[in-house]
Structures are given as C-alpha cells and as structure tokens.
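Each chain, written out:
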Number of protein chains: 2
Amino acid sequence: MPYIELESHLPGITGLLEYRKDSAQPIRDLTQYLLRGPSTLSEAERELIATVVSYGNECTFCTTAHTAAADLLIGDHETAKQVKQNIETAPVSEKMKALLTIASLTRKGGKNVSAEIIERAKAAGATDIEIHDTVLIAALFCLYNRYVDGLATALPAEVGYYDTLAERIVNHGYTRLPQGYDHLKK
Amino acid sequence: MPYIELESHLPGITGLLEYRKDSAQPIRDLTQYLLRGPSTLSEAERELIATVVSYGNECTFCTTAHTAAADLLIGDHETAKQVKQNIETAPVSEKMKALLTIASLTRKGGKNVSAEIIERAKAAGATDIEIHDTVLIAALFCLYNRYVDGLATALPAEVGYYDTLAERIVNHGYTRLPQGYDHLKK
C-alpha cells in the first residue's frame, strides 16, 4: 500500500510519474538522454548499469524492469543475471567490469569511488565521458530506487508486466507513453 | 583532483553542470521545480531537506552550499546547524521534524521509510504532496551527492565562495547562471 494516494493500476515508478507530471518531465528527459541518447556505451551496457545499481539497492521494481530491458537488448537472460551475481566473472568486457564496479561504488556513496578503479577503467579504454555517464546513471538510479521504495509503491499484479514494460522502454524510450500503450495506464 | 577533466575554476557541482550541458538541463529543471516551484513547504524548509541529506551523505560541497542557502533564507546560522546535529531538538515545526526524518530515512535507502514515520508526518499536518516532495528532494540530493563525490570534484579555493553561491541560488534559483554572475564561471 503506497504511502500517498497513487493510481492503483500503476505500479512502481509509473504511478509516481503520473502523480506529479511537472517533476516527472525532467526525470524522464534525464533518463532518456543518459540511457538512450548518443553514447559510446551501448543501450544494453547502460541498462546493465541501471540493473546493477537497482539490485544493490534492493529495489525489486527497478531491478526487474531494467533486467528485462537489458535481457531484451542483449538477447539472453544470462548476462544481467551474472552481472548481478558477480561483475568480475560476468560475460562483459574488461571496460564494462570496471564501469560496473564504479557504478556499484557510486551506489554505496560517492566517496567510495577510488582513484584505482578509475585508473583501471581508463586502462581498459574508458573515456572521461563514459566514466561521467556511469557515475551519473548510477546516481540517477539511486534517486529512482529511493523514490520508488521510499513511497512504498506497489509491485505489478499481472504476470508479464515487466516484459511489456521492457518492450516499451527498449523500443520507445523513457519519454511519455506513446499511443497504443494505453493498456499500461488502465 | 577530479577523475575527469573539468574546468578547474568550477568546483563541486558547477563544473559537472558545465561539462555535460545536455544532462545538466533536466537536473537544473528538476531542482528548480522541487526547491523553488509552487509548494506549501517554504524555500527554507526545502533547503533544510537538501542540507540534512547532503550532510548525512558527507558531501562537503553540497552540505556547505545548502546550509548557506538555508541560513540566508531563514536569517540565522542556528537552524540548519541544529537540524544537522539533531532533528528532534532543532527549532523547526513538528511537521518539519517528521519530514526531515523521512528525508534522512530515504537517504539511507527507500525501504527505511516506515509507515510509522509517514503516520507521524500526516498527524502533524503533512499532505501527500509534501511527503512526495520530501522523498523526491531527498532522492535528488542522493543523486547530487554521489555525482559530486563520485567524480572527486574540487572544493572552492576562495573564502566566501559559498556565500556568493547561496546568494545566487536564493535570488536566482537553479536555472542557468544569469548575466552578472560571470565571475562564478571565470
């Protein structure tokens, strides 16, 4: 039962973004830019950053949603699963191992990000912008996870909800719901 | 020494917002809306929420900047100081004590916000929107604090920097620097 009155058919973040549309717009814009905008990190890699942070923060809605999005983009159910279990042994590049570790450290608190892990990322080919975006995506999901759980939003009741949501955010991004997706709002 | 190449005369968040203007814009917009937009919480009360979260996250730049902003809005140097030390004995209303506690719990992690503290806030007169905004402001400063410290941004060198910054964000808000503030960029 959410702590404030939200539309009961909109679980997790979706009810919050409808509740206060003026604050929702810049949150959507920032997410769209960081996760779907021009980048040398693939959309799948950016979804893995969102996943590892949400998982570390134990936010069920965000973890399940972004795992589903990463799975859809990557085309398997193994990569995100392994990244959540152990970054070092997961089937991702050396650069991504360093960036995912930076994201995990950012999640725990900004001061945890050490010069050593930054050096490792740079040695593996990470650019300043990739490091910047990794930290900011991690910070953004620290916002999302706290927003979703701090107000005790509901989990979806329907089987298959996350697959539908993943298909939407993979194919249509994080801006407002496009036409034809009204069933996610009803 | 920041982990990425930032303009050396721009400490804390200011260098990051210049580094990547496309991601900066929605962050500025969200902050402006939540901290300066229409609200039944005063600007001072919202700056106290930003202060208590930044202090809990041990982010020196953000804590000092928002303490200075709160001090300027309140007209004393005691309130913010006492809020950081002990919310329960600080000279703020019962409603603000509950909301600041919600902010502190959100900072630690969304799941820490209990039904009991929400009930206390509502009993003290807090509305759903005030509770929503408290959680979202706390979540936003969890983003800011991680962004600022995760990239190891510099602290300002000049004595009086924070007073100038506080004067700017109190009188001009969180949007782009207005004309006449070029000295903060040079």
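Cut-offs applied
Residues numbered from 1 in each chain as written. Chains lettered and ligands numbered in written order. Predicted model: local features only at pLDDT ≥ 70, side-chain atom pairs only at ≥ 80, totals over all residues. Heavy atoms only, no water. Helix = DSSP H or I, 4+ residues; strand = E, 2+ residues; numbered from the N terminus. Rg over C-alpha atoms; globule rule 2.2 N^0.38 Å. Buried < 20%, exposed > 50% of the residue type's maximum accessible area, 1.4 Å probe, protein only. Contact = heavy atoms within 4.5 Å. Areas by Shrake-Rupley, 256 points an atom, 1.4 Å probe, with all protein chains shown as cover. Lys, Arg positive; Asp, Glu negative; His and termini not counted. Charge placed at Lys NZ, Arg CZ, Asp CG, Glu CD. Buried area = accessible area lost by both parts, 1.4 Å probe. Salt bridge = Lys/Arg side-chain N within 4 Å of Asp/Glu carboxyl O. Polar contact = N/O pair within 3.5 Å; in protein donor to acceptor, adjacent residues only side chain to side chain. Disulfide = S-S within 2.5 Å. Least-squares fit on C-alpha atoms with pLDDT ≥ 70 in both. Axes fitted to C-alpha atoms, helices over the stretch in contact; angles between N-to-C directions. Parallel < 35°, antiparallel > 145°, perpendicular 65-115°, else oblique. Left-handed = near helix turned anticlockwise from the far one by under 90°.

Turning our eyes to something else, we now look at the overall build of chain A. Scanning chain A for helices and strands turns up nine helices and zero strands. The linear arrangement of helices and strands in chain A, starting from the amino end, is α-α-α-α-α-α-α-α-α. The C-alpha atoms of chain A give a radius of gyration of 16 Å, which matches the 16 Å a tight globule of 186 residues would have. Burial status across chain A gives 59% buried among its 186 residues. Once local pairs closer than 6 in sequence are excluded, the contacts in chain A between residues at least 24 apart make up 65%. Carbon and sulfur atoms make up 51% of the accessible area of chain A, which totals about 7600 Å². Averaging the positions of the 19 positive and the 24 negative side-chain charges in chain A gives two centres separated by 3 Å.

Each side of the interface is counted separately: chain A has 43 residues, and chain B has 43 residues. Taking both sides of the interface into account, the surface hidden between chain A and chain B amounts to around 3700 Å²; carbon and sulfur atoms contribute 65%. Three residues, Tyr3(A), Arg20(A) and Arg146(A), lead the burial of chain A against chain B; their summed loss comes to 20% of the area buried on that side. The tally of links between chain A and chain B comes to four salt bridges. With a closest N to O distance of 3.3 Å, Asp149(B) and Lys111(A) form a salt bridge. At the boundary of chain A with chain B, the tally comes to 26 residue pairs in polar contact (both at pLDDT 80 or more). For the side of chain A that touches chain B, the secondary-structure elements that each account for two or more residues are helix H1 (12–19), helix H2 (21–36), helix H6 (94–108), helix H7 (115–123) and helix H8 (128–150) of chain A. Per element, the largest residue contribution to the side of chain A that touches chain B is 15 residues, and it comes from H8(A).

Before going further, it helps to examine helix H9 (residues 161–171) of chain A. A turn of α-helix holds 3.6 residues, and therefore any two residues three or four places apart point the same way. Those residues of H9(A) that fall on the buried side of the exposure criterion are Tyr161(A), Tyr162(A), Leu165(A), Ala166(A), Arg168(A), Ile169(A) and Val170(A). The secondary structure elements touched by the buried residues of H9(A) are H1, H2, helix H3 (43–56) and helix H4 (60–74) of chain A.

Our next topic: the side chain of Thr67(A). Residues and elements named next belong to chain A. If you trace the backbone, Thr67 turns up in helix H4. Since its relative accessible area comes to 11%, Thr67 is described here as buried. A distance of 3.0 Å separates a polar atom in the side chain of Thr67 from a polar atom in the side chain of Lys84. Setting aside residues no more than four positions away along its own chain, Thr67 makes contact with Thr51, Ala80 and Lys84.

All told, the structure shown has zero disulfides over all chains when counted by the stated rule. A disulfide-free cysteine, Cys142(A) has its sulfur positioned 7.3 Å from the sulfur of Cys142(B), the nearest such atom. What makes Cys142(A) buried here is its relative accessible area of 0%. Free cysteine: Cys59(B), not disulfide-bonded; nearest cysteine sulfur from Cys62(B) at 3.4 Å.

Counting through the fold element by element, Tyr161(A) comes out in helix H9. Distance from Tyr161(A) to Val113(A), taken between C-alpha atoms, is 35 Å for residues 48 residues apart in sequence.

This structure, assessed with the given rule, holds 20 salt bridges over all chains. With a closest N to O distance of 3.1 Å, Lys95(A) and Glu130(A) form a salt bridge. Taken together, the positions of Lys95(A) in helix H6 and Glu130(A) in helix H8 put the pair 35 residues apart, joining distant regions of the chain. Across the pair Lys21(B) and Glu18(B) runs a salt bridge, and its minimum N-O distance is 3.6 Å. Judged by relative accessible area, Lys21(B) falls into the partly exposed class, the value being 45%. Judged by relative accessible area, Glu18(B) falls into the buried class, the value being 12%. A network of salt bridges, in which partner residues are shared, links Glu88(A), Glu94(A), Lys97(A) and Arg120(A).

With that settled, the discussion passes to the relation of the copies chain A and chain B. The transform that puts chain A on chain B rotates by 180° and translates by 0.0 Å along the axis, for an RMSD of 0.0 Å. Here the two chains are linked by the operation of a two-fold rotation axis. The rotation axis passes nearest to the C-alpha of Pro26(A) in chain A, at a distance of 2.3 Å. Mapped onto chain B, 100% of the interface residues of chain A again fall at the interface, so both copies present the same surface.

Let's shift gears to the packing of H4(A) against H9(A). Geometrically, a packed helix pair is captured by the angle between its two axes and the distance between the axes. All names here are of chain A. Running from N to C, H4 and H9 cross one another at 60°; their axes reach a closest spacing of 8 Å. Looking at the two axes, H4 sits oblique to H9. Pair H4 / H9 crosses with right-handed handedness. Seen from H4, the contacting residues are Thr60, Phe61, Thr64, Ala65, His66, Ala68, Ala69, Leu72 and Leu73; seen from H9, they are Tyr161, Tyr162, Leu165, Ala166, Glu167, Ile169 and Val170.

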